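Spelled out, the chains give:
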Amino acid sequence: ARYLLRDALLRTDGAAPIVFHVHDEIVFEVPKNDNTIDDQLKREMKVCPSWIKGLPIEISAERTDHYTK
């Protein structure tokens, strides 16, 4: 899981500011009115690395005004 998160951090770097990451979660700061970034981040987060081909990767995402758990 660490390597998957690392790869996702590298792929999404620059798309939106990364506020922090914890275990299997990345928190981004995105503009309220820009919904196009959501699809881009989700697409990048779901990329399966070549070294583990076939592993199904799914994500969940939500927008909030503040961090929640």
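If you're wondering where the values come from, they're calculated on a predicted model, not measured in any experiment.

Student: Before we move on, could you go through the overall build of the chain and cite the residues and values that matter?
Tutor: Looking only at helices and strands, the chain features two helices and two strands. When the helices and strands of the chain are read in sequence order from the N terminus, they spell out α-β-β-α. A compact globule built from 69 residues should have a C-alpha radius of gyration of about 11 Å, and the chain, at 12 Å, falls within 12% of that. Of all 69 residues assigned to the chain, the portion counted as buried reaches 23%.

Student: An account of the pattern of salt bridges is requested, with residue identities and associated values reported.
Tutor: Tallied over the entire structure, the rule returns five salt bridges. Between Arg63 and Asp38 there is a salt bridge, with the nearest N and O atoms lying 2.9 Å from each other. Of the two residues, Arg63 sits in the segment after helix 2 (36–45) while Asp38 sits in helix 2, which places them 25 residues apart along the sequence. The exposure class of Arg63 is partly exposed, given its relative accessible area of 35%. With a closest N to O distance of 3.6 Å, Glu58 and Lys46 form a salt bridge. Within this pair, whereas Glu58 is found in the segment after helix 2, its partner Lys46 is found in the segment after helix 2, the two being separated by 12 residues in sequence. Owing to a relative accessible area of 61%, Glu58 belongs among the exposed residues under this scheme. Residue classification places Lys46 among the partly exposed positions, given a relative accessible area of 36%.

Student: Give me the nonpolar core: which residues, what numbers.
Tutor: In terms of nonpolar packing, the biggest core is built from nine residues, these being Leu5, Ala8, Leu9, Ala16, Ile26, Phe28, Ile37, Leu41 and Met45. Discounting chain neighbours no more than four positions away, the residues touching Ala16 are Phe28, Glu29, Val30, Ile37 and Leu41.

Student: Residues and numbers for the environment of Pro17, please.
Tutor: Here Pro17 shows up in the loop between helix 1 (2–12) and strand 1 (18–22). Along the backbone, Pro17 and Phe28 are 11 residues apart, and their C-alpha atoms lie at a distance of 5.6 Å. Dropping the residues within four chain positions of it, Pro17 is found in contact with Val27, Phe28 and Glu29.

Student: Explain the layout of surface pockets to me, using residue names and the numbers behind them.
Tutor: Put simply, the largest pocket is a space of about 1,200 Å³. Of the residues assigned to the lining of the largest pocket, the class counts are 16 nonpolar, five polar and 13 charged.

Cut-offs applied
Residues numbered from 1 in each chain as written. Predicted model: local features only at pLDDT ≥ 70, side-chain atom pairs only at ≥ 80, totals over all residues. Heavy atoms only, no water. Helix = DSSP H or I, 4+ residues; strand = E, 2+ residues; numbered from the N terminus. Rg over C-alpha atoms; globule rule 2.2 N^0.38 Å. Buried < 20%, exposed > 50% of the residue type's maximum accessible area, 1.4 Å probe, protein only. Salt bridge = Lys/Arg side-chain N within 4 Å of Asp/Glu carboxyl O. Core = buried A, V, L, I, M, F, W, Y, C linked by side-chain atoms within 4.5 Å. Contact = heavy atoms within 4.5 Å. 1 Å grid on protein atoms, 1.4 Å probe; cavity = no way out; pocket = protein on both sides within 12 Å on 5 of 7 lines; lining within 4 Å. Points joined across faces, edges and corners; volume = space filled by probe spheres on them. Nonpolar A, V, L, I, M, F, W, Y, C, P; charged D, E, K, R; others polar.

All we've got here are geometric facts, nothing functional implied.
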